[in-house]
Structure formats: C-alpha cells, structure tokens
Amino acid sequence: MSKSLPYSMRDVTYDNAKFRQRSIFQIISQALLTSSFRRDRFRCSTGKLLALLMISGLTYLMLTHESRIVSTPDGLVKGTASNLRKLWRKPPRLPPSEFGSSILDPDKLNSISEWVSRQEKVKEAFVHAWSGYEKFAFGFDELKPLSQKGVDGLGGLGATVVDALDTAMIMGLDDIALAAGSWIEKNLAKRISEKGQVNLFETTIRVLGGLLSAYHLSMAKQGGELGSSRTLNGSQPDVYLETAKDLADRLLSAFTSSPTAIPYSDVVLRDHSSHPAPAGLSSTAEVSTLQLEFNYLSAISGDPKYTTEAMKVLEHFRTLPKVQGLVPIYISPYTGEFSGDNIRLGSRGDSYYEYLIKVWLQLGGNQNNHSKYLHEMFEEAMRGVKDRLVRKSIPKGLVFVGELPYGADGAFSPKMDHLVCFLPGTLALGATKGIKKKKAMEENLLTFEDLDNLNLAEDLAHTCFEMYAVTATGLAPEIAYFHVEGPSEEGFDGGNKSSEYMNDIIIKPLDRHNLLRPETVESLFVLHRITENPKYREWGWQIFQAFEKYTKVENGGYTSLEDITVVPPRRRDKMETFYLGETLKYLYLLFGDDNILPLDKFVFNTEAHPLPIHPSTKEE
C-alpha cells in the first residue's frame, strides 16, 4: 500500500453553503442550476418549458388568490392560502435556555442527566483514589495500594499531592484541595531545599506544572473558568507561586550548566547543581516538554529568565536536520545534536510533537508572531507522520502509527505505544486551534490539511479505543503491535474473542501491563470538545467502567495491572500519580460542561495541568 493515506480526499467536495441558511427560492434556483438544465447550457425542450410555466402559474395562484374559507367544529376558520403563508414564515425564535434547544427535548434532557451522573461517578473514583493515598502514603510520591504504603520514586516531593491538587479544585472537592494545599504550604518548600536528585522533565510537568495550575485556579473568580459560584479553598495563591519560583530557580541549573541549549536531564535540588543522565544523552521529548510551564512562570512572575532558557531549546531544534519534521528520540547536551536514528512518537519522542503546537497556542497562535516557526515545525512533522509512519492493519484496516527504529532508511516496525494515543487529541487541537469543528467550518477557518489531520485524529482515536476493547479486561496494553503482512501470530491476541479486531492487534507477553495511563481518554476529551460527537463520551465511559471493575482496590486507591489479557488480571502494586492528575481529570471533563476550561483559552501541559493562554504572553 502507499505510504500515506488520502484522508483529505473525503473533504474535497466540502461545501460551506450547507452550513448557511438558504431560502426556498435559493434552493429551487440551485437545484435548477445544478441539473441537466445547467449542463445543457440553458437549452430546454418544449415539454420542460411548459412544465416550468405550469408550476410557476400554480405557485402564483396559491400565493395570491383568495382561498376558500373552511369552518371548523371549534368555530375557528382556516384558509389554504393563509396556512401556506404561515408555512413560509420562519418560526419565532425561542428564548435561550440553560441547555439550549435540549430544554424541549426529553431525550436530550435525560442524556444531560445521565452524563452528570457519570461525571459524579468519576468524582467518587477520585475520592476513593485519594482516600487510599491519604490513609497509607500521604506525603510520599506514590501509593502502593496492595501493600498499603507509600514510596518515593520521583524525588520525594509529594508528587501525588501536587499532581492531584488541581483535579480536586476542578471537581469542587474543597476538603481534598484544602488538605493538599495545607501540606504544600507546610512541607514542600522545605523538601525542595533538602532533597537530592530529581529528573528535570518529571519534576517540571508534575510538580512545577501542578503548582502553576493551582496558582491560576486559586485565583479564579466566582463564576469563572470552573463554571461555579464558589470560592476555592486551599492555600493562598502566593504560596503556590513562591514555591514554584523556588523550584524553578533550582531546575534552571540544568539549562545553565549545559554547554549547549540542550539541558542536562537531572538536577540536585539542594545545591542547585545538575548533570547528564548516566549514558550522557537527554531524551528528545523531555528537553522539549518544559516550555509551557516555564513560559507561564515568566508571565506571572514578571521574570523573563525562565522562558528565555526554556525557549532556547525549541529555537535550537529549529536549526537541526530532520526527516520530514520527524526527529530521533535522543539528543546530546554536549554537542546539541541528535544521537541515533530511532524515530517514534511513543516514549522519549511523544511530547516533543505535542508541545510544538501547544507552545505556539500559548504564545498567541499568531501566524505573524515570533513563534510562527513552531506551527510550521508541527505541520511539517504531521506530514512526515502521515507519509512515513501511518499504516493500516489487516484484515480489518485499523489506522495506526508505527516506528522507524533504524531511521528513515530502515525497516518499518508496526509497534505503537499507548503513549502514542496522545496524538489524536494533538492533531485535533492543531486543526481547529481548540474551537468547535462546526464553528471552524462555518467561518472557513480550516484548510484541507486541517481537515486531513482531523480525519486522521478520528481514525487514530478509534484504533486507540480498540486497543482497550480487544482485551479481556477492556483495558489497553502498554504496547501493541499491528498485523500488517503474513500470518497472524497465534496466542498474542488481547483475550476478547468477540472483538472484530482480534486478528489486527498483537499483544506480546512483556507488553500486557496497564499503568492507568491517560493518553486515550485525553484524546477522547479533546475530540469530544471539538467534534461534539457523543461516541467519544461512550468510549470514555466504557474505559472508566473497566478501570472501576479491575483496578479499584477495596481499602482505597487503584492499582496498575500486570496482564490485561486475562480475567481476573494479575495486579501490580502501584498507583501512578497521573491517575489522579490526568486520567480521572480528563474523564471528568469529558463528561462535563464544555464551558469548563475551554480549549481556546487553556492549554493542558503533558501532565494535564491547565495553564491559561495568558494575556501577557499573547501578541496582540
């Protein structure tokens, strides 16, 4: 098959007129002009002409002649002409209501009630997850829910507390927000000053991002972005800002110590020092996924040093050679050059592409400003994805994104990490810039390339969902392979024998674990916001039910799974911070009001912490 898929061909015949109100006269006129009447260059047979005259005459008589009056049993009178005129009049406009037109539609009202109920179920799940953490691991980075204890695997900064805080704020769980905020106020600054080595990337996206999001949400006014009239409880906003500045000042050593624009991967917090990873290389995704956080910190602190250092990385990437916008997954902080040939959108590559479009949006999304190069890099990379990495499986034709482990000239691998499921949401966001698809099309804002990317996003989202549905538990593996040629590998299916795609998706024994990851539900959230297609909510609900059934731990918390292809699944003893910070947050937003944290006013960092497109970072 060809390397690229002709997505945009579906929209070549797109006609914006279908979204505009047209009168009866315009409809008849267009029908006549698009018939054989037009094709024959206005030539007309005598029969056609007589028929046209007869129709015109009848229409004139019906509209102008006094019609016969008919009495009705209730004493009212009706006339054919008057009734016809009523049909021609537009119906009166109804006053707006809280739910729009659905106020008159019982089915839609029931649907709204159903999703409110399901959103409450997600909130209950968050409370259950937090209860386990609070009982057994409060102050530790992560909970081990089966052994009921905490563990520090992310530097000992209480990562779950900070990661979960803005989720609690968004859900209106003021008691949890107060507990988390109080812990941060009393403990985090001291820990930052005393702790040793942390990873620059993980600390930035989880802890710095969480603090900055909490800062903004704690400043939210009544009736603001959270769509409520309540005042958020918790620490004062300045606590979050000052703690974020202290942490960022220490993280900056990764940038300033490096001989190039590429920062070192690890930082020793207590002495403001940094060093490269043991192999000497930095991950491409990690060094290019710091900018949203540092940019926003500069915007609210008034100190440009944070954005200056972080943006140097992307400005340097701009100068490096690429393969149709695609880049290897390792880069050297010593030389500033890529290392190796491995190209993928999974681990160590994923969020580089995500931040290209999100940072551009954060900086105003203006094609004429200084960040225009980010949008150009994103579009080039997406063309490269479609040309070199997108394939269809056999026998059922699932669209997936593979890898080039040996570079552009090497063999293609039909391997797709669950991490790649960030891409549908990122493609959709890049296509419409966060506004509804319907509005974007009505205003002629979408290019054919945008439509192409949006169609690819929807196809990939379907594949990501089927990675869940194909398994016995209804939960996705960490990695899937896709059947593209030759006989299917026996014994490596997902365990759901009734799945239509059982022979398309291959799950190898070492890849069958599930870490409660958020990428698929993130994309479902973004696609539902943009397309308004209810199937994305339904898919999200199925995924949530599977999490509830197989990962919930009775005494509190949720656990990762060892093997999702068998029931009951073997369980791992770990609840990742991102289950509270990302997965449950995206599910809650998916089932909720579209006006909460709208995508044209907020960007979510790669850990799902919403940061506003701030006026001071926006070029007017």
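Summarised in this report is the structure supplied together with it. (Residues numbered from 1 in each chain as written. Predicted model: local features only at pLDDT ≥ 70, side-chain atom pairs only at ≥ 80, totals over all residues. Heavy atoms only, no water.)

## Some points on the pattern of salt bridges
Taken as a whole and assessed by the stated rule, the structure comprises 29 salt bridges. Measuring nitrogen to oxygen at the nearest pair gives 3.8 Å for the salt bridge that ties Lys305 to Asp303. Residue Lys552 pairs with Glu548 through a salt bridge whose shortest N-O separation is 3.5 Å. (Salt bridge = Lys/Arg side-chain N within 4 Å of Asp/Glu carboxyl O.)

## Quick word on helix α12 (residues 291-301)
Of all the 11 residues making up α12, 9 are buried; the element is thus mostly covered by neighbouring parts of the structure. Where α12 is concerned, the buried positions are Gln291, Leu292, Glu293, Phe294, Asn295, Tyr296, Leu297, Ser298 and Ile300. Positive backbone phi, at 80 degrees, marks Gly302, one or two positions downstream of α12. (Buried < 20%, exposed > 50% of the residue type's maximum accessible area, 1.4 Å probe, protein only. Helix = DSSP H or I, 4+ residues; strand = E, 2+ residues; numbered from the N terminus.)

## Structural notes on the sheet that holds strand β8 (residues 282-283)
In spatial order, the strands read β8-β9-β10; together these 3 strands make up an open sheet with antiparallel pairing. Since the sheet does not close on itself, it has two edges, and those belong to β8 and β10 (338-339), each with one partner. Sheet analysis places strand β9 (residues 330-331) next to β10, joined by 2 bridges and oriented antiparallel. Among the inter-strand pairings, Tyr330 is bridged to a residue of β10, identified as Ser339. (Pairing = 2+ DSSP bridges.)

## Section: the state of the cysteines
One covalent bond between the sulfur atoms of two cysteine residues makes up a disulfide. Applying the stated criterion to the full structure yields 1 disulfide. Between the sulfur atoms of Cys421 and its disulfide mate Cys464 the distance is 2.1 Å. Torsion about the S-S bond of the Cys421 and Cys464 cystine: about -100 degrees, corresponding to left-handed handedness. In this pair, Cys421 sits in the loop between β13 (415-417) and α16 (423-432) while Cys464 sits in helix α18 (residues 448-469), placing the two residues 43 residues apart along the sequence. Like Cys421, the residue Cys464 is buried in the burial classification. (Disulfide = S-S within 2.5 Å.)

## Some words on the packing of α12 against helix α13 (residues 305-319)
For the pair α12 and α13, the least separation of the axes is 7 Å and the interaxial angle reads 155 degrees. The angle between α12 and α13 falls in the class roughly antiparallel. The two elements α12 and α13 cross, and the hand of that crossing is left-handed. In this structure, α12 contributes Gln291, Phe294, Asn295, Leu297, Ser298 and Ser301 to the contact, and α13 contributes Lys305, Tyr306, Thr307, Ala310, Met311, Val313 and Leu314. Split by residue class, the contact of α12 with α13 holds 7 nonpolar, 5 polar and 1 charged. (Axes fitted to C-alpha atoms, helices over the stretch in contact; angles between N-to-C directions. Parallel < 35°, antiparallel > 145°, perpendicular 65-115°, else oblique. Left-handed = near helix turned anticlockwise from the far one by under 90°. Contact = heavy atoms within 4.5 Å. Nonpolar A, V, L, I, M, F, W, Y, C, P; charged D, E, K, R; others polar.)

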